[in-house]
Amino acid sequence: ADRIPTGEDMLFIVADNTCKGDPENAARKILQDFRVGRMGPISLQLAPESEVDEGQQSVQTLRKDGLNVRVVADPTEFKRASEELERKKQ
């Protein structure tokens, strides 16, 4: 039966086809292709597990040094952190 190749399988396929069987060189090529966008848009964000699950949330923050940072957080962790921050303020 055919199965979907794992990430490791794909690494060795790339190694065999383009890097003379060298998986380390293949890993470098894959990372470089990812970094320059040759693979197209890819989301590293987790997908929601159900229709009611919000998945991850994007939280805009402004650091003390003025650098605007975008943070992706799990809603449960975000809620827990917000509640803890409120407790500390009281």
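About the thresholds
Residues numbered from 1 in each chain as written. Predicted model: local features only at pLDDT ≥ 70, side-chain atom pairs only at ≥ 80, totals over all residues. Heavy atoms only, no water. Axes fitted to C-alpha atoms, helices over the stretch in contact; angles between N-to-C directions. Helix = DSSP H or I, 4+ residues; strand = E, 2+ residues; numbered from the N terminus. Parallel < 35°, antiparallel > 145°, perpendicular 65-115°, else oblique. Contact = heavy atoms within 4.5 Å. Nonpolar A, V, L, I, M, F, W, Y, C, P; charged D, E, K, R; others polar. Patch = residues over 30% accessible without salt bridge, like charges linked within 9 Å, V, L, I, M, F, W, Y side chains within 5 Å. Areas by Shrake-Rupley, 256 points an atom, 1.4 Å probe, with all protein chains shown as cover. Salt bridge = Lys/Arg side-chain N within 4 Å of Asp/Glu carboxyl O. Buried < 20%, exposed > 50% of the residue type's maximum accessible area, 1.4 Å probe, protein only. Expected span 1.5 Å × (residues − 1). Polar contact = N/O pair within 3.5 Å; in protein donor to acceptor, adjacent residues only side chain to side chain.

Participant: For the packing of helix α1 (residues 7–18) against helix α2 (residues 23–36), give the residues involved together with the corresponding values.
Facilitator: Remark: α1 packs on α2, axes separated minimally by 8 Å, with the N-to-C direction vectors making an angle of 105°. By the angle between their axes, α1 is roughly perpendicular relative to α2. Contacts between α1 and α2 involve Leu11, Phe12, Val14, Ala15 and Thr18 on the former and, on the latter, Pro23, Ala26, Ala27, Lys29 and Ile30. Its residues assigned to classes, the contact of α1 with α2 shows eight nonpolar, one polar and one charged.

Participant: Provide a residue-level description of a nonpolar patch on the surface, including the pertinent values.
Facilitator: Taken together, the side chains of Phe34, Met39 and Ile42 define a hydrophobic patch exposed on the protein surface, amounting to about 260 Å² of accessible area. Within the secondary structure layout, Met39 lies in the loop between α2 and β1 (57–62).

Participant: Can you tell me about the environment of Met39, naming the residues and giving the values?
Facilitator: Classification of Met39 as partly exposed rests on a relative accessible area of 42%. If we ignore the near neighbours within four places in the chain, the residues touching Met39 are Ile30, Asp33 and Phe34.

Participant: So, unusual backbone geometry: which residues are in play, and what are the values?
Facilitator: Even without glycine at this site, Lys20 takes up a positive phi of about 50°. Topologically, Lys20 is positioned in the loop between α1 and α2. The exposure class assigned to Lys20 is exposed, which follows from its relative accessible area of 86%.

Participant: Quick rundown of the pattern of salt bridges? Include the residues and the values.
Facilitator: Inspection of the entire model under this criterion finds three salt bridges. In this structure, Asp33 and Arg38 form a salt bridge, with 2.6 Å as the shortest nitrogen-oxygen distance. Asp33 gets classed as partly exposed once you look at its relative accessible area, which sits at 25%.

Participant: Give a detailed account of α2, specifying residues and quantitative values.
Facilitator: Compared with the 20 Å implied by 1.5 Å per residue over 14 residues, the 20 Å span of α2 between its first and last C-alpha is a close match. With a side-chain oxygen positioned 3.2 Å from the backbone nitrogen of Glu24, the residue opening α2 is Asp22. Within two residues after α2, Gly37 carries a phi angle of roughly 85°, on the positive side.

Any functional reading would require information that these geometric values do not contain.
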